[in-house]
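An overview of the molecular structure
Take a look at the letters that make up each chain.
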Amino acid sequence: MKNKKWLIPLAIVCVIALLWGVGIIPKQIARIAGTSYAKKHFPEMHMECVRVEWADVYGDYLITFKDSNGNTYGCVIGPAVFPVSLGQGLFAIEEYYAENYEQAQ
């Protein structure tokens, strides 16, 4: 009977490890972190996350956003295991935001 009470927690840990290893959980973490960053730093653009995909070239995930005007933006988000830091491509979004939205304030 003592062995059975460890079976459910062990199964849960195995499922989480499998989902993490396959990339399902990191993609969702990247989607949440990227959306949160975009809403906080670029609120007037009303950016929505369109896609998150793995990029072997960068060794990180690529996240794609679409704004309220229909423009598409992409940047790298990593690290691969816990993707919460936006990187390459972010400067283009910041530059566009500074030119088109910050001047109006």
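Residues numbered from 1 in each chain as written. Predicted model: local features only at pLDDT ≥ 70, side-chain atom pairs only at ≥ 80, totals over all residues. Heavy atoms only, no water.

**Observations regarding helix α2 (residues 24–41)**
Think of an α-helix as turning once every 3.6 residues; residues three or four places apart then point the same way. With 18 residues, α2 ought to run about 26 Å at 1.5 Å a step, and its terminal C-alpha atoms sit 26 Å apart, in line with that. Packed against the buried residues of α2 are α1 (7–22), β1 (48–55), β2 (60–66), β3 (72–78) and β4 (85–86). (Helix = DSSP H or I, 4+ residues; strand = E, 2+ residues; numbered from the N terminus. Expected span 1.5 Å × (residues − 1). Contact = heavy atoms within 4.5 Å.)

**Re a nonpolar patch on the surface**
Together, Ile-8, Ile-12, Ile-16, Trp-20, Val-81, Phe-82 and Val-84 line one region of the surface with nonpolar side chains, adding up to about 660 Å² of accessible area. With respect to the element layout, Ile-12 can be found in helix α1. (Patch = residues over 30% accessible without salt bridge, like charges linked within 9 Å, V, L, I, M, F, W, Y side chains within 5 Å. Areas by Shrake-Rupley, 256 points an atom, 1.4 Å probe, with all protein chains shown as cover. Salt bridge = Lys/Arg side-chain N within 4 Å of Asp/Glu carboxyl O.)

**Quick notes on the nonpolar core**
Formed by 19 residues in total, the largest nonpolar core has its most connected members in Phe-42, Met-45, Met-47, Ile-63, Phe-65 and Ile-77. Elements that contribute at least two residues to this core include exactly α2, β1, β2, β3 and α3 (90–100). Beyond its immediate chain neighbours, meaning those up to four positions away, Ile-63 contacts Ala-30, Arg-31, Gly-34, Cys-49, Arg-51, Val-52, Tyr-73, Gly-74, Cys-75 and Ile-77. (Core = buried A, V, L, I, M, F, W, Y, C linked by side-chain atoms within 4.5 Å. Buried < 20%, exposed > 50% of the residue type's maximum accessible area, 1.4 Å probe, protein only.)

**A word on the pairing of β1**
As paired elements, β1 and β2 share seven bridges and run antiparallel to each other. Bridge pairing in β2 links Trp-54 to Tyr-61. Connecting the antiparallel pair β1 and β2 is a turn made up of four residues, with Gly-59 showing a positive phi of about 75°. (Pairing = 2+ DSSP bridges.)

**A look at the packing of α1 against α2**
Contact geometry for α1 and α2: axes closest at 4 Å, N-to-C directions at 70°. Classified by the interaxial angle, the pair formed by α1 and α2 is roughly perpendicular. Judged by residue contacts, Ile-16, Leu-19, Trp-20 and Val-22 of α1 engage Ile-24, Ile-25, Pro-26 and Ile-29 from α2. A class-by-class count of the residues in the contact of α1 with α2 yields eight nonpolar, no polar and no charged. (Axes fitted to C-alpha atoms, helices over the stretch in contact; angles between N-to-C directions. Parallel < 35°, antiparallel > 145°, perpendicular 65-115°, else oblique. Nonpolar A, V, L, I, M, F, W, Y, C, P; charged D, E, K, R; others polar.)

**Remarks on the environment of Thr-64**
Within the secondary structure, Thr-64 sits in strand β2. For Thr-64, a relative accessible area of 13% translates into the label buried. Spatially, the C-alpha atoms of Thr-64 and Leu-10 are 36 Å apart, while their sequence positions differ by 54 residues. Leaving out residues up to four positions away in the same chain, Thr-64 has contacts with Glu-48, Cys-49, Val-50, Arg-51, Thr-72, Tyr-73 and Gly-74.

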